[in-house]
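Below are the chains, spelled out letter by letter.
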Amino acid sequence: SRYYREVLPGEIVKISRHDVQTLDVVRRPEGDPSAFCIFEYVYFARPDSIFEGQMVYSVRKRCGQQLAIEAPVEADLVSTVPESATPAALGYAQKCGLPYVEVLCKNRYVGRTFIQPNMRLRQLGVAKKFGVLSDNFKGKRVVLIDDSIVRGNTISPIIKLLRESGAIEVHIRVASPPIRFPCYMGINIPTKEELIANRPEFHDLANYIGADSVVYLSVEGLVSSVQESIKARQDNNPKTHKSFLGKLGHCTACLTGDYPVELEW
């Protein structure tokens, strides 16, 4: 298989043995910017996916680099919870000049934790889900990069595991901004009350999850990481992507509450 091209926003495509045909394009109202889901870049998409002419892996790496600019910390090594935030952790490590080191390995014989019926089982699942590579971080200060902290209950047992295995400090850096609002565009985000960013614990999140510090990427930092290479391409060739992107824009509703369409109740 080979990469051919992206489906345009609102485009209906017919793929046959002979060719690829555009049946119709539902045009966006004049002047409205595009509103591509920014969380596709953060979390949902496969790292080898290509959106808006750029690879998701590269965007995640840029998010890690931006996070290192916004939230550096005195530490000995950078790592991640496998494999969710590996590109961001590599970007963070590269920008900080710290080594990227694996601290956990995945146990491939355990099911998914998020489908466990209650929190206690989910947390037990986390402990069984990872093995600890303690030789790699014993007596060291660890920066652990995560792609997102939604409820806050899966990161706590991981921090506990690292401390019990010899980490002297555990600093959490999150390569996306906190999710605060529900998504009405089709993504199943937990209720406002379940989101850790809306709970009282968020004001002392480090203490709540047992970390030495916690810092999230800013919304501006995420948007600039996503849009940087699209803008560079547009500047280099004004004709490129004009029909595809129109006015550049991304939906950040779950982070800012700024919805791209009017909500009707």
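Criteria and thresholds
- Residues numbered from 1 in each chain as written.
- Predicted model: local features only at pLDDT ≥ 70, side-chain atom pairs only at ≥ 80, totals over all residues.
- Heavy atoms only, no water.
- Helix = DSSP H or I, 4+ residues; strand = E, 2+ residues; numbered from the N terminus.
- Buried < 20%, exposed > 50% of the residue type's maximum accessible area, 1.4 Å probe, protein only.
- Contact = heavy atoms within 4.5 Å.
- Areas by Shrake-Rupley, 256 points an atom, 1.4 Å probe, with all protein chains shown as cover.
- Core = buried A, V, L, I, M, F, W, Y, C linked by side-chain atoms within 4.5 Å.
- Pairing = 2+ DSSP bridges.
- Axes fitted to C-alpha atoms, helices over the stretch in contact; angles between N-to-C directions.
- pLDDT = per-residue confidence, 0-100.
- Right-handed = clockwise from strand over helix to strand, strands pointing away.
- Patch = residues over 30% accessible without salt bridge, like charges linked within 9 Å, V, L, I, M, F, W, Y side chains within 5 Å.
- Salt bridge = Lys/Arg side-chain N within 4 Å of Asp/Glu carboxyl O.
- 1 Å grid on protein atoms, 1.4 Å probe; cavity = no way out; pocket = protein on both sides within 12 Å on 5 of 7 lines; lining within 4 Å.
- Points joined across faces, edges and corners; volume = space filled by probe spheres on them.
- Nonpolar A, V, L, I, M, F, W, Y, C, P; charged D, E, K, R; others polar.

Q: I keep staring at the overall build of the protein chain and nothing clicks. Help me out?
A: From N to C terminus, the protein chain includes nine helices and 12 strands. For the protein chain, buried positions account for 42% of its 265 residues. Put simply, 66% of the contacts in the protein chain that link residues at least 6 apart link residues at least 24 apart. With the model as given, the accessible surface of the protein chain reaches about 14900 Å², and the carbon-plus-sulfur share is 51%.

Q: So what exactly am I meant to see when it comes to the nonpolar core here?
A: If you look at soluble globular proteins, the nonpolar side chains tend to sit buried side by side. Core analysis: the biggest nonpolar cluster contains 33 residues, and Val 78, Tyr 92, Ile 145, Leu 222 and Leu 255 have the highest contact counts within it. Of all the secondary-structure elements, those providing two or more residues to this core are helix H1 (38-44), helix H2 (56-70), helix H3 (86-96), strand E9 (141-146), helix H7 (219-236) and helix H9 (253-256). For this core, the element with the highest residue contribution is H2, accounting for five residues. Those residues within four positions of Leu 255 in sequence are excluded, and the remaining contacts are Ile 38, Phe 39, Pro 177, Pro 178, Ile 179, Arg 180, Phe 181, Val 219 and Leu 222.

Q: So what exactly am I meant to see when it comes to the environment of Lys 160 here?
A: Position of Lys 160 relative to the elements: it lies in helix H5 (residues 155-164). Along the primary structure Lys 160 and Gly 210 are separated by 50 residues, whereas in three dimensions their C-alpha atoms are 7.2 Å apart.

Q: Quick question: what am I supposed to make of the sheet that holds strand E11 (residues 213-216) here?
A: Backbone hydrogen bonds are what pair the strands of a sheet, in a parallel or an antiparallel way. Ordered in space as E6-E9-E10-E11, the four strands form an open sheet in which the pairing is parallel. In this open sheet, the two edge strands, each paired with only one partner strand, are strand E6 (77-80) and E11. If you compare each strand with its neighbour and ignore which way they point, the axes differ by 25° on average. Note that E6 and E9 share four bridges and pair parallel. Each bridged residue has a counterpart across the sheet, and for Ser 79 the counterpart in E9 is Leu 144.

Q: In this structure, what is going on with H3? I would like to understand it.
A: An α-helix turns once per 3.6 residues; consequently, residues spaced three or four apart project the same way. Buried within H3 are the following residues: Pro 87, Ala 88, Ala 89, Gly 91, Tyr 92 and Ala 93. In this fold, the buried residues of H3 make contact with H2, E6, E9 and strand E10 (169-174). Residue Gly 97 follows H3 closely and has a positive phi angle near 75°.

Q: I'm lost on the environment of Val 223 in this one. Help?
A: Take Val 223: it is sitting in helix H7. Once the C-alpha coordinates of Val 223 and Cys 251 are considered, the two residues, 28 residues apart in sequence, prove to be 9.7 Å apart. Setting aside residues up to four positions removed in sequence, Val 223 forms contacts with Ile 38 and Thr 252.

Q: Even after reading the chapter, I still don't get the confidence of the model for the protein chain, so can you show me in this structure?
A: Any segment with low pLDDT has predicted coordinates that should not be analysed in fine detail. Looking at the protein chain as a whole, its pLDDT mean stands at 88, while 89% of the residues score no less than 70. A low-confidence stretch, residues 241-245 stays under pLDDT 50, and its non-local contacts, those more than four residues away or across chains, total 14 contacts.

Q: Just checking my understanding: could you explain the pairing of E10 for this structure?
A: Side-chain direction in a regular strand flips from residue to residue, so the side chains alternate between the two faces of the sheet. For E10, a buried count of five out of six residues is recorded, marking the element as mostly surrounded by other parts of the structure. Note that E9 and E10 share six bridges and pair parallel. What sits directly across from Arg 141, in E10, is Glu 169. Taking the sense of rotation as the criterion, the β-α-β connection linking E9, H5 and E10 turns out right-handed. Where E10 meets E11, four bridges bridge the pair, whose relative direction is parallel. Within E11, the position partnered with Val 174 by the bridge is Tyr 216.

Q: I tried to follow the environment of Cys 254 on my own but got confused; where do I start?
A: Take Cys 254: it is sitting in helix H9. C-alpha of Cys 254 to C-alpha of Pro 178: the two residues are 76 residues apart in sequence and 8.6 Å apart in space. Non-local contacts of Cys 254, meaning those with residues more than four positions away in its chain, are made with Phe 39, Pro 178, Ile 179, Arg 180, Phe 181 and Ile 189.

Q: Would you take a moment to explain a nonpolar patch on the surface for this structure?
A: Side chains of Tyr 184, Met 185, Val 261 and Trp 265 sit close together on the surface and give an oily, nonpolar patch of about 510 Å² of accessible area. Examined against the element boundaries, Val 261 turns out to sit in the segment after H9.

Q: Looking at this structure, how should I read empty space enclosed by the protein?
A: Here the structure, examined in full by the defined rule, presents one cavity of 30 Å³ or more. There is about 70 Å³ of room inside the largest cavity. Every residue lining the largest cavity is listed: Tyr 41, Val 42, Arg 60, Cys 63, Ser 84, Ala 85, Pro 87, Ala 88, Asp 147, Ala 175 and Leu 222. Elements that contribute at least two residues to the lining of the largest cavity include exactly H1, H2 and H3. Within the lining of the largest cavity, the residues separate by chemical class into eight nonpolar, one polar and two charged.

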